[in-house]
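# Tertiary structure, described
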Amino acid sequence: MKVIKASTNQEILDAFSVRDRVFIEEQGVDPKIEHDQYDESAIHIVSYLNEQPIGAARIRLIDEQGKIQRVAILKPFRNQGYGKKLMIALEEIIAQHEIQSIQLNAQTHAIPFYESIGFEINSRPFYEAGIEHVSMNKKLN
Ligand code: COA
């Protein structure tokens, strides 16, 4: 699998195609919430397996914090380590900037996934897009 920073319109559309399948079609998130105003300025990441987009995420850099959002792997490709590889690539991209820590809002079912790569819960549960989340954080060295 290769993970890249989307730099062409096609690569951005590939990232959006994964997010649409996972968040809008599978999880029922409202498209207006899924594609918010931050899509225009965010760094979009897409993973390809045999030239097919199978994973996506976006990064926002806010002051000294990296914010990871919209992490998704297409359903048939889950539980094979691709999500972890995507997260490692996201951390590497964030680490190229003057960033002290990474923050994300995790759907509660995905807490063990993020814990397996060193994130810690730092909030009570809350609802976002109608789905229960917690805030998680990881300090960078
Ligand atoms: N419950 C418990 N552990 C889980 C898990 C789950 N639901 N999903 C993954 N893990 C663990 C794996 O066991 C693995 O642990 P290990 O390294 O000790 O073996 C580790 O997390 C990595 O798993 P991986 O196979 O790389 O994860 P994935 O490719 O299935 O991707 C998601 C994980 C969350 C990205 C994927 O399930 C997904 O896209 N879900 C739908 C969208 C979503 O909810 N995104 C998160 C929004 S916050």
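Residues numbered from 1 in each chain as written. Predicted model: local features only at pLDDT ≥ 70, side-chain atom pairs only at ≥ 80, totals over all residues. Heavy atoms only, no water.

The element strand S8 (residues 131-139) is extensively covered by neighbouring structure, given that seven of its nine residues are classed as buried. Where strand S5 (residues 101-107) lies against S8, seven bridges are found, and the strand directions are antiparallel. Residue pairing in the sheet places asparagine 105 in a bridge with serine 135 of S8. Looking at chain direction, strand S6 (residues 120-121) and S8 are connected through two bridges and run antiparallel. Among the inter-strand pairings, glutamate 120 is bridged to a residue of S8, identified as asparagine 137. Bridge count between strand S7 (residues 126-128) and S8: three bridges; the pairing is antiparallel. Among the inter-strand pairings, tyrosine 127 is bridged to a residue of S8, identified as glutamate 132. (Buried < 20%, exposed > 50% of the residue type's maximum accessible area, 1.4 Å probe, protein only. Helix = DSSP H or I, 4+ residues; strand = E, 2+ residues; numbered from the N terminus. Pairing = 2+ DSSP bridges.)

Okay, unusual backbone geometry next. Notably, aspartate 63 is not glycine yet its phi reads approximately 55 degrees, a positive angle. Mapped onto the secondary structure, aspartate 63 falls in the loop between strand S3 (52-62) and strand S4 (65-73). Within the chain, alanine 129 stands out as a residue other than glycine whose phi angle is a positive 50 degrees. Position of alanine 129 among the secondary structure elements: in the loop between S7 and S8.

Here we take up the pattern of salt bridges. One pass over the full model with this rule turns up eight salt bridges. With a closest N to O distance of 2.9 Å, glutamate 26 and arginine 78 form a salt bridge. Of this pair, glutamate 26 sits in helix H1 (residues 9-26) while arginine 78 is found in the loop between S4 and helix H3 (82-95), placing the two residues 52 residues apart along the sequence. Glutamate 26 sits in the partly exposed class, given a relative accessible area of 35%. When its relative accessible area of 28% is taken as the criterion, arginine 78 is described as partly exposed. The salt bridge partner of glutamate 34 is arginine 70, with a shortest N-O separation of 3.1 Å. (Salt bridge = Lys/Arg side-chain N within 4 Å of Asp/Glu carboxyl O.)

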